[in-house]
Structure formats: structure tokens, C-alpha cells
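# Overview (structure and organization)
Letter by letter, the chains look like this.
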Amino acid sequence: MSTTRESLLDIARRAVSGGVSILESRRVGSVSSKGDRDFVTDVDVAIQEHIRRFLAVEAPHIAFLGEEGDHQHHRLDETAFWALDPIDGTSNYIHGIPLFGISLALFENHEPAIGVISMPTLQREYYAASGMGAYRNGERIHVGTSSRLSKSIISIGDYAVGQDAAQRNRPRLSLTALLAARAERIRMFGSAAFDLACVADGSTDGCVILSNNPWDIAAGAVIVRESGGVVYDSDGSAHNSSSRHTIAGNDLTAKELVALVGQAHAEAG
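All values derive from a computational prediction rather than experimental measurement.

### Quick word on the pairing of strand S12 (residues 206-209)
- Here S12 shows a buried face lined by Gly206 and Val208 and a second buried face lined by Cys207 and Ile209.
- Pairing geometry for strand S10 (residues 153-156) and S12, over three bridges, is parallel. Following the sheet pairing, isoleucine 154 is matched in S12 by glycine 206.
- One ladder, built from four bridges, connects S12 with strand S14 (residues 246-249); its direction is antiparallel. Its bridge partner lying in S14, valine 208 is registered against isoleucine 247.

Structure representation (C-alpha cells):
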């Protein structure tokens, strides 16, 4: 791992730490609607602005993509850019459910190379960089070793809201039914970053998120890969910034999940 990437990982961790300070010191003052059952708080905006300004000073040569406000999708064409979700799990945060956190990734040549996820109410910091391994609170982590779904806990992403939600939820509901008949247990945490972090540290054995927003997924994808896991799109190809869906686990569980997602889409029509 190069000195440059080490320094960028340090910058990312310090950026997220500053965001955590805001998250821990402020209460929600305002909640605004971004769409059907999709919300943003003033704290989301404050964290994003703080981290954006910090990164502009510490790494001014790298572009920035944030979830809130101007998404700046043209940043996806940049050679290197940061992708930030200032509060992943905003609905959990608004309702006082302690499964929310900050997720920051660095993309290099369209692949996530650095990831930091902080879950402050759980006092957990996950981080990884390509070739360095994955860590939780400074301790090396590894994916679980389950070899079959009947002994696996699998988390799934939120159901769809907004336009065409009923149609987009058909494969999600079909997948839920398929997993209910096969997995040891199903969980829905309400935070894509936490879904992937739990796969990385072996708390769960796999996750399926039928979406792929870079600010939600990228940090967790790096952390899973560096913990010895794999991340696929639903067609079984290696996951990247243009993937439609996100499926993670160890090599055995992830392949089973890819097959089930394909079956769920076929059943949903």
C-alpha cells in the first residue's frame, strides 16, 4: 500500500471523525422531504458541508460527491472522487433507532479504494483500503465462514419508496419469501453501510441490497473485500460503480444469494 493511499485513508478517517462530532453534539432541528417517505435533516446537511470543506482543504485535487443537495453525478466520470453519505439510515436517526452512521469512500478509476464507516451509537469505526485489510476499532476483521444459508443470517436492504415503488418491490418481496424458506434468519437494519459492515466483521453472513447508490455502498464494498469477502451485482459480475444491485458475503453465501436474486426477479416478472 502506497504512502499516498495511507495518507488518504488517514484523511478520510479524520473527515468522518469530524462528522461524528457534529452528529453527537446536535439534535435534529428540521426534517425535510426529498420525496415519498424519503427525508433529510439539517444535521445531514451540516455533516456533509463540514466533511466537504475538510476534504477540499486536505485533498483539494479530489472531486466530491455527496448524497444531499447537488448530487453532482458528473463526478462519477472523474478519475478520483469522494462519495459521502452524511447519515446513512436517516429514518433510523430521526426515529431514535441507533443504527445509523457516516459512510465515506474514495473512488480511484471507478473502483472504491478506501472506505470508512462510523456507527457512533455503537461506538464502531470500520475502515479499509485496497491491499491493507479491513478493521473495526483497530482490530482486523474477516467475513464469516458459513457454508449454507440454513446456518446464515442474511440482511436485506429497505423496500423501495417513491415512484414505481410497488413494481420495484415485487422482486424484493419475492426475495424475502425465498430467504424466509432458506436462511437461518433475515434482518433489515435500515442502513446499507451497516449491512456491509456486518458482513465484513462476520456478524452476518451476507446481504442483498437491490440498489447501488455510490454514497451508500462504496465504503462498505471496500471493507467487505478487504475482509476476505466478495461483492457482486445481481448478474454475478464483480460489483462496481455502475452495478444495479449489491450482493455481499463469503464466496459460498454470496453465490447462493446471487442465484436467489435471479429467481426472485424471474418470479416477480
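### Describing the packing of aromatic side chains
- Tallied over the entire structure, the rule returns four aromatic pairs.
- For the ring pair tyrosine 93 and phenylalanine 100, a centre distance of 5.0 Å and an interplane angle of 65 degrees mean the geometry is edge-to-face.
- Under the relative-accessibility criterion, tyrosine 93 is labelled buried at 10%.
- With a centroid separation of 5.1 Å and an interplanar angle of 70 degrees, the aromatic rings of phenylalanine 189 and phenylalanine 194 are classed as edge-to-face.
- Given a relative accessible area of 5%, phenylalanine 194 falls into the buried group.
- Over the ring of tyrosine 127 we find arginine 13, and its NZ or CZ is 3.9 Å from the ring centre.

### Describing the nonpolar core
- In terms of nonpolar packing, the biggest core is built from 35 residues, with Ile117, Tyr126, Phe194, Leu196, Ile223, Val224 and Ala248 touching the most fellow members.
- Listing elements by their share of this core, those giving two or more residues are strand S3 (63-66), strand S4 (80-88), strand S5 (101-108), strand S6 (111-119), strand S7 (124-129), helix H5 (192-200), S12 and helix H6 (214-226).
- In contact with alanine 248, not counting residues within four places along its chain, are Leu196, Val199, Asp205, Gly206, Cys207, Val224, Val230, Val231, Ala254 and Leu257.
- Ranked by size, the runner-up nonpolar core spans 31 residues in total, among them Ala59, Trp82, Leu84 and Ile87.

### Focus on empty space enclosed by the protein
- Under the defined criterion, the tally for this structure stands at two cavities of 30 Å³ or more.
- By volume, the largest cavity amounts to about 60 Å³.
- Together, Ile156, Gly157, Asp158, Tyr159, Arg172, Leu175, Thr176, Val208, Ile209 and Leu210 line the largest cavity.
- Of all the secondary-structure elements, those providing two or more residues to the lining of the largest cavity are helix H4 (165-180) and S12.
- In terms of residue count, H4 provides more of the lining of the largest cavity than any other element does, three residues in total.

### Some words on the side chain of serine 234
- If you trace the backbone, serine 234 turns up in the loop between strand S13 (230-232) and S14.
- Residue class for serine 234 comes out buried when judged on its relative accessible area of 18%.
- Among the polar contacts made by the side chain of serine 234, one reaches the side chain of histidine 245 at a distance of 2.8 Å.
- With residues up to four places along the chain from it excluded, the contact list for serine 234 reads His245, Ile247, Val258 and Val261.

### As for the environment of threonine 246
- Following the sequence through the fold, threonine 246 ends up in strand S14.
- Here threonine 246 is in contact with Leu196, Cys207, Val208, Ile209, Ser211, Asn212, Ile217, Val231, Tyr232 and His239, once residues within four sequence places are set aside.
- Engagement of the side chain of threonine 246 in a polar contact is seen with the side chain of histidine 239, the distance being 3.1 Å.

### With respect to H5
- Burial analysis of H5 places nine of its nine residues in the buried class, the great majority of the element.
- Considered for burial, the residues of H5 that qualify are Ala192, Ala193, Phe194, Asp195, Leu196, Ala197, Cys198, Val199 and Ala200.
- Downstream of H5 by a residue or two, glycine 202 has a phi angle that is positive, lying close to 80 degrees.

What counts and how
- Residues numbered from 1 in each chain as written.
- Predicted model: local features only at pLDDT ≥ 70, side-chain atom pairs only at ≥ 80, totals over all residues.
- Heavy atoms only, no water.
- Buried < 20%, exposed > 50% of the residue type's maximum accessible area, 1.4 Å probe, protein only.
- Helix = DSSP H or I, 4+ residues; strand = E, 2+ residues; numbered from the N terminus.
- Pairing = 2+ DSSP bridges.
- Phe/Tyr/Trp six-rings, centres within 6.5 Å; stacked < 30°, edge-to-face > 60°.
- Lys NZ or Arg CZ within 6 Å of the ring centre and 35° of its normal.
- Core = buried A, V, L, I, M, F, W, Y, C linked by side-chain atoms within 4.5 Å.
- Contact = heavy atoms within 4.5 Å.
- 1 Å grid on protein atoms, 1.4 Å probe; cavity = no way out; pocket = protein on both sides within 12 Å on 5 of 7 lines; lining within 4 Å.
- Points joined across faces, edges and corners; volume = space filled by probe spheres on them.
- Polar contact = N/O pair within 3.5 Å; in protein donor to acceptor, adjacent residues only side chain to side chain.

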